[in-house]
Amino acid sequence: MAEVRLPLRAIVPFAAGSIGMGIWVTVPGVFLLYFLTDVLAVPPSTAGLALLLPNVADIVTHPWVGRISDADLAGSGHRRRLMLAGCAVVLTFVALFAVPSDLRGTGAAVWVAVALVAGNLLYSCYQVSYLATPAGLGIGYHERTRLMGYRSVVIIVSVLLAGVTAPLVAGDDPGVGDYTRTALLLGAVMLVALLVGISGVARLNRAAPGTSTGPGHRGGLLVALRDRQFRALTASYLTVAITMNLVLAGMPYFAEYELGRSALTSVLIAAFMAPAVLTTPLWVRVARRLGKQRSLLVAQAAFVAGASVLALGAAAGLPLLLAAVAVQGVAFAAMQLMPLSMVPDVVAAAGPSGTASAGSYTGVWTAAEATGGALGPYAYSACLAVGGFVASGAGEHVTQSSSALAAVRYGFTLVPAVLMAIAVVLQRRYTLDEHAHTELRVKQPL
């Protein structure tokens, strides 16, 4: 039977929803730790905890949201009501950077932590239901890759634009008011994108409706946790998420303290994200030939190679360092695309119980992603704290010790290399893709 091909009029608005998601992931991920330590004078250890502890709740709330999403699908035939509630995440996005003028140090850290708790819960309402959509569609192995390929391009473009635009809008040596103004501007874009994404979900469901589900899937969370393939895939992705969020959090520090120019943050982000955008369509084609698992392993190895070059530091010269960052960006494209298109494969392989529990699978998956989003910056802040990095307020300039500068460099390079090597080992435990891709090649030779 020919594989159902989704129309672009459904794919494009669905993918557009990732613009809003990309802004939420990127701006706090890249700038929030730096905002705390170098604008609000929060010590690195306290700043790391302010970002870590709110995300601990995600381990519970994301699977819980997934179950609610599954129940909503069974009761109403769609997941869009939860997504609409999640659009309120825009308010907390602005609150993260709108810190009252009288709050500095620990008080500012508490403000940011509270806003992050509320924001993560609202974001999960949107994200879990959004990412559960592909698993419920009546499409096959390669079409899932095609759909998530469009989504990956859009989210990487949004990460690129948000990462480059935010420091430009905030200006040189920005204060709290500059960050608040930036958050208001990007928050408006975020809201529009999230609403468009909801319309895209509706169009996809009409274009390729899957098997209808009914009540009686309360064991959905257990179905997900008992799935050996899903556990292996999630464990590797958690390690990748920690690594990538560590790298994003470390970019402003590497630019300012290793390369000597804070303005190079935008250059590093562009060098990382632009190749990711350009090579995502290529990775879709590579996956058709090699399969998703092999493609992902190649990308993870390439990332380790790039991180090893970056460990040479400024002495290697800016052109070589940017080339290494570009290699990591190419690898990042595959590490965004492949795992997210493999989750629906795992759900489909689990049969009717998997399809009925797609929200539970996605809830566990996004909990791992959110945990990585917390542990990454925390791991980098721990490196800074061990190195004796000194926090400062807006307009203040502190001379860092040699150990602090070493922590900036190696926390951004060697630590991610080690973490990604661990992800490779974990990823090799996943075997579903090899069987699925081989079987498909026998039925439909390429």
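Along each chain, the written sequence defines residue order, and numbers are assigned to residues from 1. Owing to the predicted nature of the model, reporting of local features is limited to residues with pLDDT of at least 70; listing and counting of side-chain atom pairs is limited to 80 or more, with chain, interface and lining totals taken over all residues. By convention in this description, side-chain values take in all heavy atoms of the structure and omit both hydrogens and water.

Caption draft 1: Representation of the overall build of the chain in the model. Across its full length, the chain holds 18 helices and zero strands. Taking the contacts inside the chain whose residues are at least 6 apart along the sequence as the reference set, 86% of them involve residues at least 24 apart. All accessible-area figures derive from a Shrake-Rupley calculation using a 1.4 Å probe, and residue coverage is judged against the displayed protein chains alone. Of the roughly 16800 Å² of accessible surface on the chain, a fraction of 67% belongs to carbon and sulfur atoms. Numbering goes from the N terminus for both helices and strands, where a helix is a DSSP run of H or I of at least four residues and a strand is a run of E of at least two. Note on definitions: a residue-residue contact is assigned when non-hydrogen atoms from the two residues lie within 4.5 Å.

Caption draft 2: Here's a closer look at the packing of aromatic side chains. Aromatic rings from Phe, Tyr and Trp, with only the six-membered ring used for Trp, were paired whenever their centres fell within 6.5 Å, and each pair was classed as stacked if the ring planes differed by under 30 degrees, edge-to-face if by over 60, and tilted otherwise. Counted under the stated rule, the structure contains 16 aromatic pairs. In textbook terms, an aromatic cluster arises when at least three aromatic residues are bridged by ring pairs, as seen for W24, F35, F93, F97, Y123 and Y179.

Caption draft 3: Representation of the environment of Y237. On the secondary structure map, Y237 appears in helix α10 (residues 228-258). Taking the C-alpha atoms as reference points, Y237 and Q427, separated by 190 residues in sequence, lie 8.1 Å from one another. In this structure, Y237 is in contact with M335, Q336, P339, W365 and E369, ignoring residues within four places of it in sequence.

Caption draft 4: Representation of a nonpolar patch on the surface within the structure. Together, L49, L53, V56, I59 and V60 make up a nonpolar patch on the protein surface, roughly 460 Å² of accessible area in all. Looking at the nonpolar patch, the elements that each hand over two or more residues are α2 (44-56) and α3 (58-76). It is α2 that provides the largest number of residues to the nonpolar patch, a total of three residues. Along the polypeptide, V60 turns up in helix α3. Note that patches include only residues with greater than 30% relative accessible area and no salt bridge, and the join distances are 9 Å for like charges and 5 Å for nonpolar side chains (Val, Leu, Ile, Met, Phe, Trp, Tyr). Here a salt bridge means any side-chain nitrogen of Lys or Arg lying within 4 Å of a carboxyl oxygen belonging to Asp or Glu.

Caption draft 5: Looking closely at unusual backbone geometry. One non-glycine residue, A41, lies in positive phi territory at about 55°. Positionally, A41 belongs in the loop between α1 (8-38) and α2.

Caption draft 6: Spatial organisation of the packing of helix α13 (residues 318-349) against helix α15 (residues 358-387). To obtain each axis, a line is fitted to C-alpha atoms, and for helices this fit is confined to the stretch in contact; angles are then taken between N-to-C directions over 0 to 180 degrees. α15 packs onto α13 with a crossing angle of 145° between their chain directions and a minimal axis gap of 10 Å. Crossing of α13 over α15 shows right-handed handedness. On the side of α13, the interface is formed by P339, L340, V343, V346 and V347, while α15 contributes A358, Y361 and W365. As a working rule, the residues Ala, Val, Leu, Ile, Met, Phe, Trp, Tyr, Cys and Pro are called nonpolar, Asp, Glu, Lys and Arg charged, and the rest polar, with Gly in that last group. Here the contact of α13 with α15 is composed, by residue class, of eight nonpolar, no polar and no charged. Each crossing gets its hand from how the near helix is turned against the far one by less than a right angle, where anticlockwise is left-handed and clockwise is right-handed.

Caption draft 7: Structural view of α2. Working rule for helices: expected span equals 1.5 Å times residues minus one. Between its first and last C-alpha, α2 extends 19 Å over 13 residues, near the 18 Å set by a 1.5 Å rise per residue. Partly exposed describes any residue whose relative accessible area lies between the buried limit of under 20% and the exposed limit of over 50%, with all areas from a 1.4 Å probe on protein chains only and scaled to the type maximum. Those residues of α2 lying buried are P44, A47, G48, A50, L51, L52, P54 and N55.

Caption draft 8: Focus on a positive patch on the surface. The convention is simple: Lys and Arg are positive, Asp and Glu are negative, and His and the chain ends are not counted. Here the site of a charge means NZ on Lys, CZ on Arg, CG on Asp, or CD on Glu. On the surface, a cluster of positive charge is contributed by R5, R285, R288 and R289. Within the secondary structure, R5 is located in the segment before α1. Residue class for R5 comes out exposed when judged on its relative accessible area of 60%.

Caption draft 9: Layout of the environment of D227. One can find D227 in the loop between α9 (220-226) and α10. The class of D227 is buried, set by a relative accessible area of 15%. Along the chain, D227 and V346 lie 119 residues apart, while their C-alpha atoms are 8.4 Å from each other. Ignoring anything within four residues of it in the chain, the contact list for D227 reads V346, A350 and Y361.

Caption draft 10: Just the pattern of salt bridges, in detail. The tally for this structure, following the rule as stated, stands at four salt bridges. Residues D178 and R181 are paired through a salt bridge, measuring 3.3 Å at the closest nitrogen-oxygen approach. Of this pair, D178 and R181 both sit in helix α8 (residues 176-207), three residues apart, which is roughly one turn of the helix. Among the residues examined, D178 registers a relative accessible area of 24% and is labelled partly exposed.

Caption draft 11: Spatial organisation of the side chain of T234. On the secondary structure map, T234 appears in helix α10. Look at T234 and you get buried, because its relative accessible area is 10%. If we skip the residues at most four places from it in the chain, T234 touches W365 and A368.

Caption draft 12: The environment of L296, seen in detail. Relative to the elements of secondary structure, L296 occurs in helix α12 (residues 292-310). Separated by 42 residues in sequence, L296 and M338 place their C-alpha atoms 6.3 Å apart. For L296, the contacting residues outside a window of four places in its chain are A334, M335, M338, P339, M342 and Q427.

Caption draft 13: Examining the side chain of S124 more closely. Tracing the chain through its elements places S124 in helix α6 (residues 106-132). Within the structure, S124 has its side chain in polar contact with the backbone oxygen of L121 (distance 2.6 Å). With near-sequence residues (within four places) excluded, S124 lies in contact with H62, V65 and S129. Two N or O atoms count as a polar contact when they lie within 3.5 Å, although within protein this holds only if one can serve as hydrogen donor and the other as acceptor, and sequence-adjacent residues are included solely when both atoms are side-chain atoms.

Caption draft 14: Inspection of the packing of α6 against α15 at higher detail. Interaxial distance between α6 and α15 falls to 8 Å at its minimum, and their mutual angle equals 125°. Here α15 runs oblique to α6, going by the angle between their axes. For the element pair α6 and α15, the recorded crossing hand is right-handed. Counting all contacts with α6, which are made through Q127, V128, L131 and A132, the residues of α15 involved are A358, G359, T362, G363, T366 and E369. Should an angle fall under 35 degrees it is called roughly parallel, over 145 degrees roughly antiparallel, and 65 to 115 degrees roughly perpendicular, with every other angle called oblique.

Caption draft 15: Examining the confidence of the model for the chain more closely. The predictor attaches a confidence to each residue, and that confidence, scored 0 to 100, is pLDDT. Mean pLDDT over the chain: 84, with 89% of residues reaching 70 or higher. Below a pLDDT of 50 lies the segment residues 215-219, which in the model reaches seven contacts outside its immediate sequence neighbourhood of four places, other chains included. When the criterion is pLDDT under 50, residues 440-446 qualifies, and its contacts beyond four places in sequence or with other chains add up to nine contacts.

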